[in-house]
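Read off the chains here:
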Amino acid sequence: MSDTALVIIARYPQAGQTKTRLARSIGDAYTAQLYRAFVTDLARRFSGQDDALFWTYSPAEVDYQDFISSLLPEPIPVVRCFPQEGPDLGARLLHAFQYIQAQGYQRTILIGSDLPYLTEDTIVQAKTALDHADVVLGPASDGGYYLIAMCRPYDVFSGIPMSTAVVNEMTIAAAQRQGLRVHQLATLFDIDELPDLQRLSQMLDADSTLAPATAAYLATIRKIYERNDSIDPTTLNLH
């Protein structure tokens, strides 16, 4: 058994409750289906790998194991899920690390679910960096991070205003105050608003294999906009 767990923090794709900033541009229903495509790409890429894959999900009442299983081709690998716990995002992230440590894993790599193009190579880099670092961060271009990895559940979350442009910077400072060694991976972008989605669309136009399900759904959205004369296609310039 691998000593490493990869944890994906995710939601169930409910219209009106999923990626609300992006939904303001493309609508609740499209956004929920697009997010489903994000999760599909991540599930298919990382399921069945040597490292154990876990999903920490919200809302707690949904059957997330059944949802993920429905996205995977046969034969379905083991799907491990646990609900998010905590009053805010920082507390939920800390709980995820604590939960995985209690399962006996020595390394925990946690990623967000809004980078459907994230590669296995990035996970390998994070795992390798834990040989010499206490905290590994994958900084996002908006000032947050798309990945955080640790061998122990250090609290580098309390007091940090999540979903702001200073999250990565403040997390580094919190780690350094505890005497922890920090390693940063390459900066990537996550998909929160329409410009991010347009950037992703251009990336997938060049190479759809980076996120096949997402690329396919973006193509579907384009066709809907092209066929519907009541929609101004310039509001969703995904070309």
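Predicted, not measured: the structure shown is a model, and the values here were computed from it. As a convention, each chain's residues are numbered from 1 in the sequence order in which they are written. Only residues with pLDDT of at least 70 get local features here, since the model is predicted, and only at 80 or more are side-chain atom pairs given and counted; chain-wide, interface and lining totals rely on the full set of residues. The side-chain figures draw on all heavy atoms in the structure; neither hydrogens nor water molecules are used.

## Considering the environment of P153
Then, number 1: Helix and strand definitions here come from DSSP, where helices need a minimum of 4 consecutive H or I residues and strands a minimum of 2 consecutive E residues; each element is numbered from the N-terminal end. By secondary structure assignment, the location of P153 is in the loop between β6 (145-150) and α6 (167-177).
Then, number 2: Residues P153 and Y117, spaced 36 residues apart in sequence, show a C-alpha to C-alpha distance of 27 Å.
Then, number 3: The contacts of P153, once residues within four sequence positions are left out, are L94, F97, Q98 and Q101. Contacts are assigned to residue pairs with any non-hydrogen atoms lying within 4.5 Å of each other.

## Points about the pairing of strand β5 (residues 135-139)
Then, number 1: Partly exposed describes any residue whose relative accessible area lies between the buried limit of under 20% and the exposed limit of over 50%, with all areas from a 1.4 Å probe on protein chains only and scaled to the type maximum. The buried fraction of β5 amounts to 5 of the 5 residues, a majority that puts the element mostly inside the structure.
Then, number 2: Taking the residues between adjacent antiparallel strands as the criterion, β5 and β6 are bridged by 5 residues, where G143 takes a positive phi near 100 degrees.
Then, number 3: Note on pairing: DSSP must find at least two bridges between two strands before they are called paired. Note: β5 against strand β7 (residues 182-184), 3 bridges, orientation parallel. From the neighbouring strand, V136 faces β7, where its bridge partner is H183.

## Notes on α6
Then, number 1: Every buried residue of α6 is accounted for by V167, N168, T171, I172, A174 and A175. The buried residues of α6 occupy an angular sector of 160 degrees when projected down its axis, which confines them to one face. Residues of α6 that are exposed and angled more than 90 degrees away from the buried face: E169, Q176 and R177.
Then, number 2: Taken together, the buried residues of α6 touch β5, β6 and β7.
Then, number 3: Note on α6: the residue one or two positions beyond its end, G179, has a positive phi of about 75 degrees. Here the arc refers to the set of directions running from the helix axis out to each C-beta atom.

## Considerations on the sheet that holds strand β1 (residues 4-11)
Strands belonging to one sheet form pairs held by backbone hydrogen bonds; the direction of such a pair is parallel or antiparallel.
Then, number 1: Sheet architecture is open: 7 strands sit in the order β3-β2-β1-β4-β6-β5-β7, paired in mixed fashion. Looking at strand neighbours, the two that pair on one side only are β3 (80-83) and β7, the edges of this open sheet. On average, adjacent strands in this sheet sit at an angle of 20 degrees to one another, irrespective of strand direction.
Then, number 2: Of the pairings in the sheet, the one linking β5 to β6 comprises 5 bridges and is antiparallel in character. Counted as the bridge partner of G138 is L147 from β6.
Then, number 3: Across the sheet, helix α3 (residues 64-71) lies against β1, β2 (52-58) and β3, angled at about 120 degrees from β2, the strand it touches most.
Then, number 4: Axis definition: a line fit to C-alpha positions, over the contact stretch in the case of helices; interaxial angles, taken between N-to-C directions, run 0 to 180 degrees. Along the sheet, α6 makes contact with β5, β6 and β7, crossing β5 at roughly 170 degrees.

## Focus: the confidence of the model for the protein chain
Then, number 1: Each residue carries a pLDDT value, the predictor's own confidence for that position, ranging from 0 to 100. Per-residue pLDDT for the protein chain averages 93, and the proportion of residues at 70 or more is 94%.
Then, number 2: Predicted confidence for residues 229-234 stays below pLDDT 50, and this span has 3 contacts to residues more than four positions away or in other chains.

## Considerations on the pairing of β1
Then, number 1: Of all 8 residues in β1, 7 are buried; the element is thus mostly enclosed.
Then, number 2: One ladder, built from 5 bridges, connects β1 with strand β4 (residues 107-111); its direction is parallel. Bridge pairing in β4 places T4 opposite R107.

## Notes on the packing of helix α2 (residues 28-46) against α3
Then, number 1: Orientation of α2 relative to α3, taken along the N-to-C sense of each, is 75 degrees, at an axis distance of 9 Å. Comparing their axes, α3 and α2 come out roughly perpendicular. For the pair formed by α2 and α3, the contact residues are R36, V39, T40, A43 and R44 on the first element and Y64, F67, I68, S70 and L71 on the second.
Then, number 2: For this classification, the nonpolar set comprises Ala, Val, Leu, Ile, Met, Phe, Trp, Tyr, Cys and Pro, the charged set comprises Asp, Glu, Lys and Arg, and every other residue, Gly included, is treated as polar. Classifying every residue of the contact of α2 with α3 by side-chain character gives 6 nonpolar, 2 polar and 2 charged. Throughout, the term roughly parallel applies to angles under 35 degrees, roughly antiparallel to angles over 145, roughly perpendicular to angles from 65 to 115, and oblique to all others.

## Side note on the pattern of salt bridges
Working definition: two side chains of opposite charge can pair if their charged atoms are close together.
Then, number 1: Take a side-chain nitrogen of Lys or Arg and a carboxyl oxygen of Asp or Glu: if they are within 4 Å of each other, that pair is a salt bridge. The full count for this structure, using the stated rule, is 9 salt bridges.
Then, number 2: Between D192 and K19 there is a salt bridge, with the nearest N and O atoms lying 3.2 Å from each other. Placement of the pair is D192 in the loop between β7 and α7 (194-206) and K19 in the loop between β1 and α1 (20-26), with a sequence separation of 173 residues. Just as D192 is buried, K19 falls in that class too.

## Observations concerning unusual backbone geometry
Then, number 1: Between S58 and P59 the backbone carries a cis peptide bond, its omega angle lying at -5 degrees.
Then, number 2: As for its position among the elements, P59 is in the loop between β2 and α3.
Then, number 3: That bond from E74 to P75 is cis: its omega, -10 degrees, falls within 30 degrees of zero.
Then, number 4: Locating P75 in the fold gives a position in the loop between α3 and β3.

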